[in-house]
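# Residue-level structure breakdown
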Amino acid sequence: YQRRVHGVLDDYYNPRLQRVILFICSEAECKGVPTKRLFPIQLAQRFQAKIIALEHRYYGASQPFGKDSLSLENLKYLTAEQALEDLAYFMKWVHETPEFNVNQGSRWITIGGSYPGALSAWFRYKYPHLTVGALSSSGVVEPIIDFRKFDEQVRISALKSGEWCFQAIKEISAKVEDTLLHDQQGSVDLRKQFNAHGLTNTEFLWFFADIFVELIQYGHRRELCEAIKTNNHAERLDWLSKNYDRVVGPVSYTHLRAHETPEHLVCRLLLEKKKKQHISH
């Protein structure tokens, strides 16, 4: 577990109170305690608690089978159920590791957002004896067939810049889809431009759609809309290929799809290692 702990914040920790916040990292490489998201830190300060950030199995350095982790045989252990058991076992390990200064009588809460938010809620339900509470921000606990509301909200947000911005996104997306379906060399060049050589047409379309989603969701709507105001398709693609990663960081095309997949609530097909190989973040 030592390689999976990606941050401990004990600036406000009072050992007498034995309060611990377990920050559940998302389906990506864990960057530790998120200093840009102050709410967990405010909680730690208010309740004199320690924060421990734990990386999700199969992401970042947390490869349970080393270089063979992404084989089809081993991917069967990439499930929400296994992730919940990881959390329970991790708490036991922390109690047994003196460096943490956390004893058996400690009081834990879990915290997470989106998929980790669902894990936080499910963990409280499955292991109520291990925690005193859970925070689930936007937890995806309810699978909905053909979930469209998120994409509808992206449209509404794009319209704040004007109808032209939304229409430009539709136009770019349509041209990209047409290239993938009808222009073999253009399809190869397009993947190369976005460092996404290993993706299928369907995978690339998920990935490409989420570029707009992530930019808008994380507060870069104005910058996006201004950049695609030009009618030159090549210039639009050039800006997107050079700026999506710089602006919002790595884009996981499965992140939002997990919210709408009924058969597999936790759909995690594009793993961090694969992203590094094929999308070159």
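Residues numbered from 1 in each chain as written. Predicted model: local features only at pLDDT ≥ 70, side-chain atom pairs only at ≥ 80, totals over all residues. Heavy atoms only, no water.

## Some thoughts on the sheet that holds strand β2 (residues 19-24)
On the basis of which strands lie adjacent, the open sheet formed by five strands has the order β1-β3-β2-β4-β5 and mixed pairing. Looking at which strands have only one partner, the edges of the open sheet turn out to be β1 (5-9) and β5 (133-137). Neighbour-to-neighbour, the strand axes of the sheet open up by a mean angle of 15 degrees, direction not taken into account. Pairing between strand β4 (residues 107-113) and β5: five bridges, direction parallel. Note on β5: the bridge partner recorded for Gly113 is Ser137. Sitting on the sheet, helix α1 (residues 39-47) is in contact with β1, β2, β3 (50-54), β4 and β5, with an inclination near 170 degrees to β2. (Pairing = 2+ DSSP bridges. Helix = DSSP H or I, 4+ residues; strand = E, 2+ residues; numbered from the N terminus. Axes fitted to C-alpha atoms, helices over the stretch in contact; angles between N-to-C directions. Contact = heavy atoms within 4.5 Å.)

## A short note on a negative patch on the surface
Among the surface-exposed residues, Glu177, Asp178, Asp183 and Asp189 lie close enough to one another that they form a single negatively charged patch. By relative accessible area, Asp189 is classed as partly exposed at 40%. (Patch = residues over 30% accessible without salt bridge, like charges linked within 9 Å, V, L, I, M, F, W, Y side chains within 5 Å. Areas by Shrake-Rupley, 256 points an atom, 1.4 Å probe, with all protein chains shown as cover. Salt bridge = Lys/Arg side-chain N within 4 Å of Asp/Glu carboxyl O. Lys, Arg positive; Asp, Glu negative; His and termini not counted. Charge placed at Lys NZ, Arg CZ, Asp CG, Glu CD. Buried < 20%, exposed > 50% of the residue type's maximum accessible area, 1.4 Å probe, protein only.)

## A few points about the nonpolar core
The nonpolar side chains of a soluble globular protein tend to be buried, and buried together. Within the largest apolar cluster, 29 residues are counted, with the highest numbers of intra-cluster contacts made by Phe194, Phe204, Phe208, Leu224 and Leu240. Mapped by element, the contributors of at least two residues to this core are α4 (149-158), α5 (163-182), α7 (201-217), α8 (221-227) and α9 (233-248). Top element by residues in this core is α7. It accounts for eight residues. In this structure, Leu22, Met91, Phe123 and Val140 belong to the second largest nonpolar core, which totals 25 residues. (Core = buried A, V, L, I, M, F, W, Y, C linked by side-chain atoms within 4.5 Å.)

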